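Listed below, chain by chain, are the residues.
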Amino acid sequence: MKAVRIQDVSKKFGDVLGVDDLDLDIKSGEFFTFLGPSGCGKTTTLRMIAGFYYPSTGKIYFDDHDVTTLQPNKRNIGMVFQNYALFPHMTVDENIAFGLEIRKYDKKAIKEKVDRIRGLVHLGPYGSRKINELSGGQQQRVALARALVIEPDILLLDEPLSNLDAKLREETRIEIKRIQSELGVTTIYVTHDQTEAMAMSDRIMVMENGVVKQIGTPQEIYHRPNNRFVATFIGETNLLEMKVQSINDETITVANENGLTLQGLTENLAKGLQVNVGDEIYVSIRPEAFESGAGDNTISGIIELTEFTGLSVNYFLKWNNTTLKAMIISRGTAIKQAGHTIDLHIPKQNIYFLGE
Ligand SMILES: Nc1ncnc2c1ncn2[C@@H]1O[C@H](COP(=O)(O)OP(=O)(O)OP(=O)(O)O)[C@@H](O)[C@H]1O
Ligand SMILES: [Mg+2]
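Calculation criteria
Residues numbered from 1 in each chain as written. Chains lettered and ligands numbered in written order. Predicted model: local features only at pLDDT ≥ 70, side-chain atom pairs only at ≥ 80, totals over all residues. Helix = DSSP H or I, 4+ residues; strand = E, 2+ residues; numbered from the N terminus. Buried ≥ 20, exposed ≤ 12 C-beta atoms within 10 Å, placed from the backbone. Contact = placed C-beta atoms within 7 Å. Near = placed C-beta within 6 Å. Nonpolar A, V, L, I, M, F, W, Y, C, P; charged D, E, K, R; others polar. Domains from an automatic or database assignment. Pairing = 2+ DSSP bridges. Expected span 1.5 Å × (residues − 1).

Visitor: Please clarify how the overall build of the chain should be interpreted in this entry.
Guide: When helices and strands are counted, the chain shows eight helices and 20 strands. By residue count, 36% of the 356 residues in the chain fall in the buried class. In the chain, once contacts between residues fewer than 6 apart in sequence are set aside, the share between residues at least 24 apart is 66%.

Here it is as structure tokens:
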């Protein structure tokens, strides 16, 4: 398994900057995800790692080996594309064996490897089935098997689940994760689905317009966003613009012009953010940060709308002319409806402060 190092890489398509000055270290055996909205540069970055595009500037290394301009077939990578790119009239085994035949393995070795990998992706009895006689989820597993059978140093997956329905997506993402950890192969996964990224990854890189917005573990990205883009793209949040009223080593107090005052912890300032009294900053409060009853930052809000989702009760409430969304886990307790007042509080440690 190989580590991947991307150093000062940019990719220009004429006037369009697809990827802008990217620096990234992916560890050997890591499950690493590129996450971001359409057009942010995920596929472009993946294609440079695969060798289908060469960077306009910068270098790419597999371990210490410079592969920046090495041809794709010399990189020992396995790749799964969004549309699978399988041969529809060939059988499952013929599709899986394709990369081995190009590499001129003998028949016996091919059969052994294909049998083993077909078992690994739970397609044991399907070896002689044609691709066009399989379900979407089964086809996805053939594509994965075909990428894995060559024993790649690096596995690249570009939105491999986007053709599947919601339930199958979830099942298949668990399968991919299981297979990846069984083989320990360095894996780079591309998605714009934040739940998928959170559930599968060791680390995530969030991108916007070709630029990295944050790199971190799913917990860091979710609980310690560096900026508004990450805070709002990953999960839901109440984002408020507020002014710093006071700050000391432990606590920071902020208020908005509607008279809403909140107190939080200085340790929850975004990385590198320096603030002074009077500065405008952004405050991020996840809907699940709210707790019932009084406590830190008690809120006595008027409910504008109540939503029951089974798992939770969502209250859209107004407090000092500020609209907030609070999510309370539903445990069969009474649900309050619109027009009523509700007492909630926000523990200090659940409030995050962002500069940009
Ligand atoms: N071959 C190309 N020629 C010109 N522009 C390109 C080319 N490939 C990508 N781009 C542009 O580079 C930017 C990044 O594209 P990229 O395909 O990497 O996005 P993405 O994050 O994979 O998006 P999606 O989620 O829609 O697949 C976009 O603005 C895109 O239009
Ligand atoms: Mg793409």
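Alright, that's what it looks like, and here's the rest.
Visitor: Even after reading the chapter, I still don't get the site of ligand 1, so can you show me in this structure?
Guide: The full set of residues close to ligand 1 is Phe13, Val16, Gly18, Gly36, Ser38, Gly39, Cys40, Gly41, Lys42, Thr43, Thr44 and His192. Among the elements of the structure, strand S2 (16–26) and helix H1 (42–50) are those that each provide at least two residues to the shell around ligand 1. Ranked by residues supplied to the shell around ligand 1, first place goes to H1 with three residues. Partitioning the shell around ligand 1 into residue classes produces three nonpolar, eight polar and one charged.

Visitor: I tried to follow the environment of Ser38 on my own but got confused; where do I start?
Guide: Of note, Ser38 is situated in the loop between strand S3 (31–35) and H1. Given 7 C-beta atoms within 10 Å, Ser38 falls into the exposed group. Each C-alpha atom, one on Ser38 and one on Glu236, is 19 Å from the other, the two residues being 198 residues apart in sequence.

Visitor: Got a minute to help me understand the domain arrangement of the chain in this structure?
Guide: Interfaces are often sized by the amount of accessible area the parts lose when they come together. Split by domain assignment, the chain resolves into domain 1 (4–229) and domain 2 (236–354). Between the C-alpha centres of domain 1 and domain 2 there is a distance of 39 Å. Contacts between the two partners involve four residues from domain 1, matched on the other side by seven residues from domain 2. Class assignment for the residues of the side of domain 1 that touches domain 2 results in one nonpolar, two polar and one charged.

Visitor: Explanation requested: the pairing of S2 in the structure shown.
Guide: Here is the key point about a regular strand: its side chains alternate between the two faces of the sheet. Two elements, strand S1 (residues 4–13) and S2, share seven bridges in a ladder whose sense is antiparallel. Among the inter-strand pairings, Val9 is bridged to a residue of S2, identified as Leu22.

Visitor: I would appreciate a short explanation of helix H4 (residues 136–148) in the present structure.
Guide: Owing to its 3.6 residues per turn, the α-helix brings residues three or four apart onto one side. Its 13 residues place the ends of H4 18 Å apart at the C-alpha level, agreeing with the 18 Å of an ideal helix rising 1.5 Å per residue. Those residues of H4 that are buried are in contact with strand S6 (77–80), helix H2 (92–102), helix H3 (107–120), strand S7 (154–158) and helix H5 (166–183).

Visitor: What's the story with the pairing of strand S12 (residues 251–255) in this structure? I'm lost.
Guide: Along S12, the buried face is formed by Ile252 and Val254; none of Thr251, Thr253 and Ala255, which line the opposite face, is buried. Alignment of strand S11 (residues 238–247) against S12, held across four bridges, turns out to be antiparallel. What sits directly across from Lys243, in S12, is Ala255. Pairing between S12 and strand S13 (residues 261–265): five bridges, direction antiparallel. Each bridged residue has a counterpart across the sheet, and for Thr251 the counterpart in S13 is Leu265. The antiparallel pairing of S12 with S13 creates a hairpin that spans five residues between the two strands, and Gly259 there sits at a positive phi of about 95 degrees.

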